[in-house]
Structures are given as C-alpha cells and as structure tokens.
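Survey of secondary and tertiary structure
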Amino acid sequence: MDYKTILVHVDESRRASEQIGIAALLAQKYNAHLIGAAATGVAPQFFMPGVIGESNLALLGPALSELRDQAAKRLTEFESIAWKMDVKSFEKRLIEDDAGVGLSLQARYSDLVVIGQVNPADYSTVLRADFPEFVLLNCGRPVLIVPYAGHFPVFGKRVLVAWDASVEATRAVTASIPLLRQADLVQVVVFDKGNPSGAHGEQPGADIALYLARHGVKVDVSEQTMPTGIDVGNALLSHAADFGADLIVMGGYGHKRFREIMLGGVTHTILESMTVPVLMAH
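Residues numbered from 1 in each chain as written. Predicted model: local features only at pLDDT ≥ 70, side-chain atom pairs only at ≥ 80, totals over all residues. Heavy atoms only, no water.

**Structural notes on the sheet that holds strand β3 (residues 90-95)**
Note the following rule: Here a strand pair is declared whenever DSSP counts at least two bridges between the two strands. Starting at the N terminus, helices and strands are each numbered in turn, a helix being any DSSP run of H or I of at least four residues and a strand any DSSP run of E of at least two. Only the contacting stretch of a helix is used when fitting its axis, a line to C-alpha atoms as for every element, and angles between N-to-C directions run 0 to 180 degrees. By definition in these notes, contact holds between two residues if any of their heavy atoms fall within 4.5 Å.
Read across the sheet, 10 strands follow the order β3-β2-β1-β4-β5-β12-β9-β6-β7-β8 without closing on themselves; strand pairing throughout is mixed. For this open sheet the edge positions go to β3 and β8 (219-225), each flanked by a neighbour on one side alone. Ignoring which end each strand starts from, the neighbouring axes of this sheet average 25 degrees apart. Its contacts with the sheet put helix α3 (residues 99-107) on β1 (5-9), β2 (33-39), β3 and β4 (112-116), and the angle it makes with β1 is roughly 175 degrees. Sheet strands in contact with helix α5 (residues 167-181) are β6 (158-162), β7 (185-192), β9 (247-251) and β12 (278-281), and its direction is about 150 degrees off that of β9.

**What about the nonpolar core?**
Operational definition: Nonpolar cores are built from buried Ala, Val, Leu, Ile, Met, Phe, Trp, Tyr and Cys residues. Side-chain atoms within 4.5 Å join them into one set. When a residue's accessible area, from a 1.4 Å probe over protein chains only, is under 20% of the maximum for its type it is buried; when over 50% it is exposed; and in between it is partly exposed.
Within the largest apolar cluster, 48 residues are counted, with the highest numbers of intra-cluster contacts made by L26, L34 and L144. Tallying contributions element by element places helix α1 (residues 16-30) first for this core, with 7 residues. Setting aside anything within four residues of it in sequence, one finds L144 in contact with I22, L26, L112, V113, V114, I115, F155, L247, P277, V278 and L279. I95, V135, L237 and A245 belong to the second-largest nonpolar core, a separate cluster that totals 36 residues.

**A look at the environment of Y211**
One can find Y211 in helix α6 (residues 206-214). Considered as a pair, Y211 and T174 are 37 residues apart in the sequence and their alpha carbons are 9.9 Å apart. Setting aside residues up to four positions removed in sequence, Y211 forms contacts with V173, T174 and I177.

**Here's the deal with the packing of α5 against α6**
Under the convention used in this document: Here the word oblique covers every angle except those under 35 degrees (roughly parallel), over 145 (roughly antiparallel) and from 65 to 115 (roughly perpendicular). Should the near helix be turned counterclockwise from the far one by less than a right angle, the crossing is left-handed, whereas a clockwise turn marks it as right-handed. Each residue is assigned to one of three groups, with Ala, Val, Leu, Ile, Met, Phe, Trp, Tyr, Cys and Pro labelled nonpolar, Asp, Glu, Lys and Arg labelled charged, and all others, Gly among them, labelled polar.
Closest axis-to-axis distance for the α5/α6 pair is 11 Å, and the angle between their directions is 45 degrees. The orientation of α5 with respect to α6, classified from their angle, is oblique. α6 is crossed by α5, and the crossing has right-handed handedness. Across the interface between the two elements, V173, T174, I177 and L180 from α5 touch I208, Y211 and L212 from α6. Class assignment for the residues of the contact of α5 with α6 results in 6 nonpolar, 1 polar and no charged.

**Quick word on α6**
Counted only if it meets this: Working note: the arc is built from the helix axis to C-beta atom directions.
Among the residues of α6, I208, A209 and L212 are the ones counted as buried. The arc that holds every buried residue of α6, seen down its axis, measures 100 degrees, which confines them to one face. Turned more than 90 degrees away from the buried face of α6, the exposed residues are D207 and R214. Turning to α6, the residues buried within the fold contact α5, β7 and β8. Backbone geometry just downstream of α6 places G216 in the positive-phi region, at approximately 80 degrees.

Coordinates in, geometry out; function isn't part of it.
Put into structure tokens, the structure is as follows:
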C-alpha cells in the first residue's frame, strides 16, 4: 500500500509552512493527491435557527467573514507551496467547522493526515489546545504530527518504532509501511517494564521485525531496560536521540470521558515534547 490521498491541516500558526512542506514532499514521493484544509473554527450548528438569534448573528457577521477570509488566505499560501514543490495533484478545502471536528471528518477519505504540534506560546482563535489529541482519537486514520520547533527537509531515513504489541502500535506500524520501506534503517525498540506480555512472543520485538522484513524493511530490534526514575515517554525520546531517529512511529492511546480527551502518559509526553515528526495511530 502507498499513500494516494494526503490531507494536511493549513492552520494559522507560524509553522504552517513546515507541515505543508512535509505533506507536499510525501505527495511527490508517492504520487499522491494532496488536500489542504483550513477551518473557520465555527461549527455549523452555530448558525442553526434559534441558537444565537438573528440580531446577534447580524452583529457577528463581520467577525465570521473575517474568519473565512483568514482561512482563504491560508489556503492561498498552501497553493503557492504546492505549486513551488511541483505537486502534481492538489486541491484546497475551506471547512466551515471546528478545526478538530472538520479535519477528522475530512480524514475519513484520506490515507494519511499531516498536522502540527500545538505551540503553547501561540494563541489561536480557531484551534483548540487539544487539537492533535482530538484528531488522533477521532479521525480513524494515521496522523503524522510535525513539531513546532525544528526544520525537517529530510525525514524518515532513521525510523524508531516504539513497539508494545498493542492494537494501537500494530495499526501505526501497518500505516507506516510505505515510509519504513524507504528508510535506511528502522529500529524496533521494546522497553522491558518488568511485566512481559504474551503478545510479545518468546523474544520481544522479533515477530514484528520479521513481519517488517517480509515487507522489505531494513530492521533491527533493541530491547531496552527501563531507566530508574524516568517514564516510558521520556525514555523513548532519549533513546530516539541516541539512535539519531528522524521519525518515530508509535500507537496513540486514549479514550473519551465526559467529552474530554484523556490520553495515556506516553502519548501525552510525546505530544508535548517531540523533537522529530511522529506518526501515530489509534
């Protein structure tokens, strides 16, 4: 399988061009159709009769028009980058909705979604603080998250796969195979947390490495003992730096509770502190 449709979020951050550039690079590599999506941030239910009243809607009209204009301007910038990078097939989509909800719905018709890590120093009028988590848990597709710091003209040469034999990790590995095939080296890392699972088999990481090798992936396995006084998320980031990884592949863990997204500690740590692009699947 290759990526044939790639969806990229065209947000209002200073780093939007970085994630657009990575999405365009992938579209070139896989001859994929690239969709740039920008959201107004206003849910369609807002305009339903009786929600805010006709008089309030008239007062808010100019503000809503401004949000549409800003989204359209961002899409023009997306188009410019796509032309410059010689993407053969692309389109713009203006989403009249909350960014998380709208992008998650658009993702259902894509093979890969590219979004940016939220920078806490950047205030956004349309982007929720838990945007990456929301998309990850609701889009049903693999999500490539680009850090808000750093430049990544080349990535995916040295890939670290965080493996714990979970359903989420399995989905992430399967979704990343097109990238893994083109890597110079893929390392499967397994952290020994003192509670081995039967899902790992006799030798942790060996079965998934063999699976990847059958797909033509150059792969090795590193079984790591958990360092004292450090959590798995930070241990993973530390190992990624030692390995020289330029991409991390891992499962994204979480569930919905009372309309709030509650993520596992590893996922939360990576989303907050990532230093290289991370491909996640839930």
